[in-house]
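Residue-level structural notes
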Amino acid sequence: MLMTRWMLPEMSPLTHILKEYATLESKVRDAIALICLPHCAACRHVCCRPEFCRETLESPFLSLLLAEFPPAIPFQSERGWLTEIGCALTVGRPPVCYEFLCKKIMGRHPQGNHLYAVKVLSHLITHVGKNAAGRRHLVELAGITKLNFTRLRKHLAEANSALGAICRFLASGNIESTSLQILGRILPRPLTNANTPGISQPWQ
Ligand code: SF4
Ligand code: SF4
C-alpha cells in the first residue's frame, strides 16, 4: 500500500489539523453544493471574484492546503479559480466562499430552524479558524508558527458535531433541542420567534 503523508506514524499537530480541516471542508463543500448548485449553475451574476480567490494564495494556512490538494488548473488572473464547471479548489477555499449565500438561495429556505441550520452550515469553516492565534483568524495569520492547537481542535470538534446535526435535520425535518445547542456554539440562535414562519430574524 502506498503510504501518504497523512499515514505517517508521527503526525505533527499542524499536519493533523490540516487533515482534519480538509476532511471537514470537503463535507461542508458537498453539503453546500447540494443547496447552491441548482441556483449557481443557472446564475447570470456569478459572485466569484479573483480578489476573493486570491486569499488562498495569500494566506499561509490556505497555501498549505493548496500545496497538499493542488487544483487541476493554475490560478488565472482574470478568473481566479473559477472554471466553466465551478470552483477548481477542492479544499482551501477562503471561508467567505462558504459564508456567502445570496438572497436568491437564502430566500428558498423556510424561515425558522431550517434557515438557521443553513446559515450555521455556511459558517462552519469560518468557525474553525476563529482566534487561531490570539484574536486572529486562521486564514488572516501572516505565519503559522503560533497556532493555538487546543482551540483549533475544539473548534473542529464543534463544527463536526454541528455538521452532523445539520445533516440529520435536513434529512429528517426534525431537530432536537440538543442539536440546537450544538448549532448555537457556531452561531447564536435568535431568542424569540425562532420557529415562527414569516418572522424576520436578526441573523437574516
Ligand atoms: S451564490 Fe447566488 S449570486 Fe453567487 S453564483 Fe450562486 S446564485 Fe449566483
Ligand atoms: S468559490 Fe472558488 S472561484 Fe469562487 S470566489 Fe471562492 S475560491 Fe474563487
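Just above, that's the structure.
These lines cover the structure that appears in this document, whether it is placed above or below.

Here is what the cut-offs are and how they apply
Residues numbered from 1 in each chain as written. Chains lettered and ligands numbered in written order. Predicted model: local features only at pLDDT ≥ 70, side-chain atom pairs only at ≥ 80, totals over all residues. Helix = DSSP H or I, 4+ residues; strand = E, 2+ residues; numbered from the N terminus. Buried ≥ 20, exposed ≤ 12 C-beta atoms within 10 Å, placed from the backbone. Contact = placed C-beta atoms within 7 Å. Near = placed C-beta within 6 Å. Nonpolar A, V, L, I, M, F, W, Y, C, P; charged D, E, K, R; others polar. Core = buried A, V, L, I, M, F, W, Y, C linked by C-beta atoms within 7 Å. Axes fitted to C-alpha atoms, helices over the stretch in contact; angles between N-to-C directions. Parallel < 35°, antiparallel > 145°, perpendicular 65-115°, else oblique. Left-handed = near helix turned anticlockwise from the far one by under 90°. Expected span 1.5 Å × (residues − 1). Bend = angle between axes of the 7 residues up to and from the residue.

Details of the overall build of the protein chain
From N to C terminus, the protein chain includes nine helices and two strands. Seen in sequence order, the protein chain has helices and strands lined up from the N terminus as α-α-α-α-β-β-α-α-α-α-α. The buried share of the protein chain, taken over its 204 residues, is 26%. Of the contacts formed within the protein chain by residues at least 6 apart in sequence, a portion of 68% connects residues at least 24 apart.

With respect to the site of ligand 1
Lining the immediate environment of ligand 1, one finds Cys-36, His-39, Cys-40, Cys-43, His-45, Val-46, Cys-47, Cys-102, Lys-104 and Ile-105. Among the elements of the structure, helix H1 (13–40) and helix H6 (103–106) are those that each provide at least two residues to the shell around ligand 1. Take the shell around ligand 1: its biggest share by element is three residues, from H1. For the shell around ligand 1, the class distribution of residues is seven nonpolar, two polar and one charged.

Remarks on the nonpolar core
If you look at the biggest cluster of nonpolar residues, it comprises 40 residues, and the most contacted ones within it are Leu-124 and Ala-162. Those elements that provide at least two residues to this core are H1, helix H4 (60–68), helix H5 (95–99), helix H7 (113–128), helix H8 (149–172) and helix H9 (177–184).

As for the packing of H1 against H7
Where H1 contacts H7, the axes come no closer than 10 Å and their chain directions differ by 155°. Here H1 lies roughly antiparallel to H7, going by the angle between them. Remark: the crossing between H1 and H7 carries left-handed chirality. Two secondary-structure elements touch here, H1 through Tyr-21, Leu-24, Glu-25, Val-28, Ala-31, Ile-32 and Ile-35 and H7 through Val-118, Leu-121, Ser-122, Leu-124, Ile-125 and Val-128. Broken down by class, the residue content of the contact of H1 with H7 amounts to eleven nonpolar, one polar and one charged.

Remarks on the site of ligand 2
The environment of ligand 2 is formed by Cys-48, Arg-49, Phe-52, Cys-53, Gly-80, Trp-81, Leu-82, Cys-87, Leu-89, Arg-93, Pro-94 and Cys-97. Looking at the shell around ligand 2 residue by residue, the classes come out as nine nonpolar, one polar and two charged.

Overview of H7
Across its 16 residues, H7 extends 22 Å between first and last C-alpha, which sits within 8% of the 22 Å expected from 1.5 Å per residue. At Ser-122, H7 shows its largest bend, some 35°. With twelve of 16 residues buried, H7 lies mostly within the body of the structure. Those residues of H7 not exposed but buried are Tyr-116, Ala-117, Val-118, Lys-119, Val-120, Leu-121, Ser-122, His-123, Leu-124, Ile-125, Thr-126 and Val-128. If you follow the buried residues of H7, they end up packed against H1, H5, H8 and H9.

Examining the environment of Ala-133
Mapped onto the secondary structure, Ala-133 falls in the loop between H7 and H8. A residue is classified by how many C-beta atoms lie within 10 Å of it, and Ala-133, with 19 of them, is partly exposed. Residues within four places of Ala-133 in sequence aside, it is in contact with Leu-141, Lys-146, Leu-147 and Asn-148.

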